Structures are given as C-alpha cells and as structure tokens.
Amino acid sequence: MTSTDHATATTAPTVVVVGIHGHGASHVAAARALAATGAIRLVGLVDRTFTEEDRAAGDAPLRDSLEECFAAGRVDVVILSTPIHTHLDLAVAALEHGADVLLEKPPVTSNDELDRLQATAARTGGLVQVGFQSLGSHAIGEIADVVAGGEIGAVTALEARGTWVRTVGYWTRAAWSGRRTLDGTPVVDGVVTNPFAHAVQTMLRLGGTTDRAAIATIDLDQYRANDIEADDTSVVRITPQRGPIMTAALTLCAQETTDPMVTVHGELGSIRFHYTRDEVELVVDGVTLRRWTTGRTDLLPDLLRAREAVRAGEDAALVSSLADASAFTAVLDAVRSAPAPHRIPADLVEWLGAGDERRPVIPRIEELVAEAAATGSTFAELGTDWARR
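Not measured: the values here are computed from a predicted model.

A. Structural context of unusual backbone geometry. Cis geometry marks the peptide bond from Lys105 to Pro106; its omega dihedral reads -15 degrees. One can find Pro106 in the loop between β5 (100-103) and α6 (111-124). Of note, Asp183 is a non-glycine position whose phi angle comes to about 55 degrees, a positive value. Within the secondary structure, Asp183 is located in the loop between β8 (181-182) and β9 (185-186). Owing to a relative accessible area of 75%, Asp183 belongs among the exposed residues under this scheme. For Asp278, which is not glycine, the phi torsion reads 55 degrees and is therefore positive. With respect to the helices and strands, Asp278 occurs in the loop between β14 (269-274) and β15 (279-284).

As structure tokens, this is what we get:
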C-alpha cells in the first residue's frame, strides 16, 4: 500500500449496514460499490442470521449487533434497513455514538418518534437521510420548473396511483409484515405507509407539503382483502392549509403490477411522473407534448457529500431529510391511530395461485383506483360495493 492509499483508507468514512437481507441487500451492494472506489470503508454487516454467501464474501466483519460495531472501532455512517418498529432505537444509538444515518422508510412509527429523533439529531449534530429514493430524482426539480413556467396553468390537484400484486408469502415473510402492532409495539405496516410510501411522499413533495403543520386534514379509507391487520387497499386524501388537495389511491390486490404514478393537475394540463423510472410526461388537452427521463442522485453518496459540506462549513442540505419526512409521518400517524382496516367480504375477492404464491384480486380495482385518484374521492364515496358505509 502506498502512502496515498494508506491516507485514503484511514480518512475514508467507515460504513456499517444493519439488516443486510431483503431490501437491505441493495444497501449492501451500494456500499460495496462505493468501497471498491475507495470512497468509503465497509467495516461491518449486521444481521440476526448470515448465509453461506454472506460468510464467503469476506469484505467486512459480520456482527450480531450495532453495538459490536461501535465497540470494534470508528463508525461514521450507519445504514439501517431493519423492521420499521426498530428504527427509532437504532437510529438514536447511531447518533449518540457520533455517526450519521441513512434510515430506510418509513423512518419511524409516529409523530412523537419523529420529534424525538429530530431532537437527538439536533443535539448530536448528526445527519439523517431517509430512504425515499424517489426524492433523489432530478424530475422533482424539473417538474417544479414546468409548473412555475405556467405550462399547465394553476395547479388544481395532485394524485398518486399504485396498483401492485403481493402474494401471501409477502405478508408471511417476517413477524412484523402486515401488522399494525407487534407485542404491543406499533409497527404501522401497510400499503400506504410501506409499499407505496414513495408514492405518498413524492406526492407531498410535489405538492409543496413537507411539514405536518401545513396539513389541515387527512382522510383515510382503508381495507384489507388479505388475512392481515394492516391495509392492502386504501385511499388517503390530504387537504393542506393552503394549496390543492392530494389524493393517493393504492392497492396490493391488482390483477397485475403496473408502474405507480404521481400526477400534478393544472387548469391547462397535467404532469405525470413515473417515479420508479424517473420518467416525466407533460400532457395538455390530452396530448403528450413532451416525455423525458431524468437522472437521479443516490442517497448514500448524497449523505457522504453532506458530511463533507458540514466539515467545510457549507450547505449540507440532504435530498431526503428528517424534516422532509414530517408530513409523511403525519399521514403514517393518522394510519396508526385510525380504526383497523375494513375487511372486504370474501365473496367479493378472487384468489389466484397456491401456497405462498396465492394472492387476492379485487375485481375492477384498477378502475376504482383510477377513479378515486382522479376525482379525489374515497372508495366509500364512490359507492363501491365492498366499501365501509
């Protein structure tokens, strides 16, 4: 190793990933890619169990707990991809040890928990980036520019649509999946707060509502076709103190999975944002005038940039900060405190497949999602036959 290599190895930020399977595997891959360039040092992988493949990799120590990583040496950044109800305690521990945090969505399970985490971050000076990858899309700023340019006129409403397929195996993959609580602890899983959290958060950001104080009311209409506690089919309608109403219509009981979309409606036209593909469409009078794909800023490199900015006394604004998650957490808190989702009668649900691949399909749900989102209505207001009266 040359002296330059040694200096890079000792000064590069040290990173630990907690929760390395499932979605956590994508964080491990991202960390390994940065480690290969020398931008970081991967100094720990934490999980309850490890596979033979994990053990064979040999590029980072395998640890049973985050505390073991802190005991072993310096940890600059902690990536948390663990069950929702574990986020707060782990994030607080990381901040108290002087680390910055990349925290998977949803960040916490209530407004109170968000307040506590923000207070800890402020006291310790730590940074917390929340794992809303869609906010890294350059489309967010470009859509704002199109709106400001007046091409769709004054904004009249925003909507989010999501129609996905999830099998029984999805809901049985972990003890917390599909749960509102686990052993008395809030989990707040469900279609609004987890699978389509990006749709809700992206809609809020495009609507200019990131602080919960900016929300006047949150209306929820929640259902479940699966044998779970949480919702798998819902409408959430958010009315801000000022500005247009935002409505998300979402289901995990579709005939087939389609790309989710957030739309900004104006007096003259609309802007459709396919956030998983960073694709934007400008539509006026039913005609697509422009369609383009944007770049995206990844969350971990952005957090590393912000760390350096703090040291240099420069702007350390994050792509997806805790403050930016305030309004989303208010929606989650409303879901947490709302009555349990209404069970859709079994004779109004079709089941396909077998075993862990078995899945429910709600007839006409794609049409109902589209109508609810476009009109700003709940399923109940549409007079849907299985809706709560």
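B. Just the packing of aromatic side chains, in detail. What the rule picks out here adds up to six aromatic pairs. Seen in terms of ring centroids, Tyr170 and Trp171 are 4.8 Å apart; in terms of plane orientation they differ by 85 degrees. Their pairing is edge-to-face. Trp171 matches Tyr170 in its accessibility class, with the two residues each being buried. Following the ring pairs from residue to residue traces out a cluster consisting of Tyr223, Phe379 and Trp386. One residue, Arg173, lies across the ring of Tyr170, its end atom 4.1 Å from the ring centre.

C. Layout of helix α9 (residues 197-206). Counting buried positions along α9 yields nine of 10 residues, so the element is predominantly enclosed. Remark: Gly208 follows α9 within two positions and exhibits a positive phi of approximately 75 degrees.

D. Quick peek at the environment of Val349. In this fold, Val349 is placed in the loop between β17 (342-343) and β18 (350-352). Between the C-alpha atom of Val349 and that of Gly169, which follows or precedes it by 180 residues, the distance is 18 Å. Residues contacting Val349, with those up to four places away along its chain left out, are Ala225, Ile344, Pro360, Val361 and Pro363.

E. The arrangement of the packing of helix α5 (residues 87-96) against α6 in detail. At their nearest, the axes of α5 and α6 sit 9 Å apart, and the two run at 10 degrees to each other. Between α5 and α6, the crossing angle belongs to the class labelled roughly parallel. Residue-level inspection shows Leu88, Asp89, Ala91, Val92, Leu95 and Glu96 of α5 in contact with α6, the latter providing Glu113, Arg116, Leu117, Thr120, Ala121, Arg123 and Thr124.

F. Examining the sheet that holds β5 more closely. Reading across from one edge, β3-β2-β1-β4-β5-β6 is the order of the six strands in this open sheet, with parallel pairing throughout. Two strands close off the open sheet at either side, each with one partner strand: β3 (62-63) and β6 (128-130). By the bridge criterion, four bridges tie strand β1 (residues 14-18) to strand β4 (residues 77-80) in an arrangement that is parallel. Across the sheet, the residue bridging to Val18 is Leu80, located in β4. Packing against the sheet, helix α2 (residues 24-37) makes contact with β1, β2 (41-46), β4 and β5, and its axis sits at approximately 160 degrees to β2. Its contacts with the sheet put helix α10 (residues 299-312) on β4, β5 and β6, and the angle it makes with β5 is roughly 160 degrees.

G. The layout of surface pockets, seen in detail. Space inside the largest pocket adds up to approximately 1200 Å³. Residue lining of the largest pocket: 41 residues in total, with His21, Ser81, Thr82, Pro83 and Trp176 positioned closest to the centre. In terms of residue class, the lining of the largest pocket is built from 15 nonpolar, 18 polar and eight charged. Space inside the second largest pocket adds up to approximately 220 Å³. Around the second largest pocket, the lining is made up of 13 residues, and of these His27, Ala30, Asp298, Leu299 and Leu300 lie nearest the centre.

H. View of the confidence of the model for the protein. On average, residues of the protein score 96 in pLDDT, and 97% of them reach the 70 mark or higher. Helix α1 (residues 3-11) is the least confidently modelled element of the protein, averaging 52 in pLDDT, while strand β12 (residues 245-251) averages 99, the highest of any element. In the predicted structure, residues 1-8 sits below a pLDDT of 50 and forms two contacts with residues beyond four places in sequence or in another chain.

I. Structural context of the pattern of salt bridges. Tallied over the full model, the rule gives 22 salt bridges. The partner of Arg74 in a salt bridge is Asp76, and the shortest N-O contact between them spans 2.9 Å. A relative accessible area of 42% places Arg74 in the partly exposed class. The class of Asp76 is buried, set by a relative accessible area of 10%. With a shortest N-O distance of 3.3 Å, Arg237 and Asp219 are connected by a salt bridge. With a gap of 18 residues between them, Arg237 in strand β11 (residues 233-240) and Asp219 in strand β10 (residues 215-224) connect regions that are remote in the sequence. Assessed through its relative accessible area of 13%, Arg237 is described here as buried. Because the salt bridges share partners, they merge into one network encompassing Asp259, Arg277, Glu279, Glu281 and Arg291.

J. Quick peek at the sheet that holds strand β7 (residues 155-163). In spatial order, the strands read β16-β15-β14-β13-β7-β12-β11-β10-β17; together these nine strands make up an open sheet with mixed pairing. The open sheet has two free edges, formed respectively by β16 (287-293) and β17, since each of these has just one partner strand. Looking at chain direction, strand β13 (residues 261-266) and β14 are connected through four bridges and run antiparallel. Residue pairing for β14: Thr263 is matched across the bridge by Arg272. Lying on the sheet, helix α11 (residues 326-337) is in contact with β10 and β11; it crosses β10 at an angle near 50 degrees. Across the sheet, helix α12 (residues 365-375) lies against β7, β11 and β12, angled at about 160 degrees from β7, the strand it touches most.

Procedures and definitions
- Residues numbered from 1 in each chain as written.
- Predicted model: local features only at pLDDT ≥ 70, side-chain atom pairs only at ≥ 80, totals over all residues.
- Heavy atoms only, no water.
- Helix = DSSP H or I, 4+ residues; strand = E, 2+ residues; numbered from the N terminus.
- Buried < 20%, exposed > 50% of the residue type's maximum accessible area, 1.4 Å probe, protein only.
- Phe/Tyr/Trp six-rings, centres within 6.5 Å; stacked < 30°, edge-to-face > 60°.
- Lys NZ or Arg CZ within 6 Å of the ring centre and 35° of its normal.
- Contact = heavy atoms within 4.5 Å.
- Axes fitted to C-alpha atoms, helices over the stretch in contact; angles between N-to-C directions.
- Parallel < 35°, antiparallel > 145°, perpendicular 65-115°, else oblique.
- Pairing = 2+ DSSP bridges.
- 1 Å grid on protein atoms, 1.4 Å probe; cavity = no way out; pocket = protein on both sides within 12 Å on 5 of 7 lines; lining within 4 Å.
- Points joined across faces, edges and corners; volume = space filled by probe spheres on them.
- Nonpolar A, V, L, I, M, F, W, Y, C, P; charged D, E, K, R; others polar.
- pLDDT = per-residue confidence, 0-100.
- Salt bridge = Lys/Arg side-chain N within 4 Å of Asp/Glu carboxyl O.

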